[in-house]
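Analysis of the macromolecular model
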Amino acid sequence: MRIEEVKKIKKEHPELIEEVEGACRFCGQIAMVEAVFDWTQEEIDEVAVERCQCMQAAAYTAKKEQTERACKMIHRKFIDFEESTKVFLENTAKLVIDYEIAKANLSLTEEIKCTMSLDKDGKIRIKRTDTVSSEEKA
Ligand SMILES: [Zn+2]
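The sections below set out a description of the structure shown in this document. Keep in mind that what you see is a predicted model, and the values were worked out from it rather than measured.

1. Brief notes about the environment of Q41
Following the sequence through the fold, Q41 ends up in helix α2 (residues 41–51). Residues Q41 and I97, spaced 56 residues apart in sequence, show a C-alpha to C-alpha distance of 28 Å.

Below you can see the structure in the form of structure tokens.
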């Protein structure tokens, strides 16, 4: 989220933050928002969207927040995997969040599985299952 980025930078370098006009690209409402001094108008408008109360902006922002949370969760849960695998999982999560696919069942290794689906509230569930099997011959 851009708002969180601004908050973080403001804490460490308040001199980099300025009040500028941003526009919600859904309803066109103009608002004064805090942004980093070298951000483009598009980046500033993204802050305005995140703060806007209109229905489309709220829906867009809620989805963006969910996607960001899912990506963080993937990085945490699958920390032992290659970056390219994490990117693949992130893209899969985005498809689930966008209702492009209903459910993903992935076998990352023989032992590690990942399933993703939306619950009844529309929140994504990302599940990792590790099965350790040990077989010995005597
Ligand atoms: Zn708006």
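That covers the picture; the talk isn't over yet.
2. Brief notes about helix α4 (residues 83–97)
Relative to the 21 Å expected for 15 residues at 1.5 Å per residue, α4 spans 21 Å between its end C-alpha atoms, a close match to the ideal helical length. Within two residues after α4, Y99 carries a phi angle of roughly 65 degrees, on the positive side.

3. As for the packing of helix α3 (residues 55–77) against α4
Put simply, α3 and α4 touch, their axes get as near as 10 Å, and they point 150 degrees apart. Taken as a pair, α3 and α4 cross one another with a handedness that is right-handed. Residues K63, Q66, T67, A70, C71, I74 and H75 of α3 form the contact with α4, whose participating residues are K86, L89, E90, A93, K94 and I97. Considered class by class, the residues forming the contact of α3 with α4 number six nonpolar, three polar and four charged.

4. Things to note about the packing of helix α1 (residues 2–12) against α2
In contact at an axis separation of 8 Å, α1 and α2 are set at 110 degrees when each is read in the N-to-C sense. With respect to α2, the element α1 is oriented roughly perpendicular. Residue-level inspection shows R2, I3 and V6 of α1 in contact with α2, the latter providing E43, E46, V47, E50 and R51. Its residues placed into classes, the contact of α1 with α2 shows three nonpolar, no polar and five charged.

The rules behind each value
Residues numbered from 1 in each chain as written. Predicted model: local features only at pLDDT ≥ 70, side-chain atom pairs only at ≥ 80, totals over all residues. Helix = DSSP H or I, 4+ residues; strand = E, 2+ residues; numbered from the N terminus. Expected span 1.5 Å × (residues − 1). Axes fitted to C-alpha atoms, helices over the stretch in contact; angles between N-to-C directions. Left-handed = near helix turned anticlockwise from the far one by under 90°. Contact = placed C-beta atoms within 7 Å. Nonpolar A, V, L, I, M, F, W, Y, C, P; charged D, E, K, R; others polar. Parallel < 35°, antiparallel > 145°, perpendicular 65-115°, else oblique.

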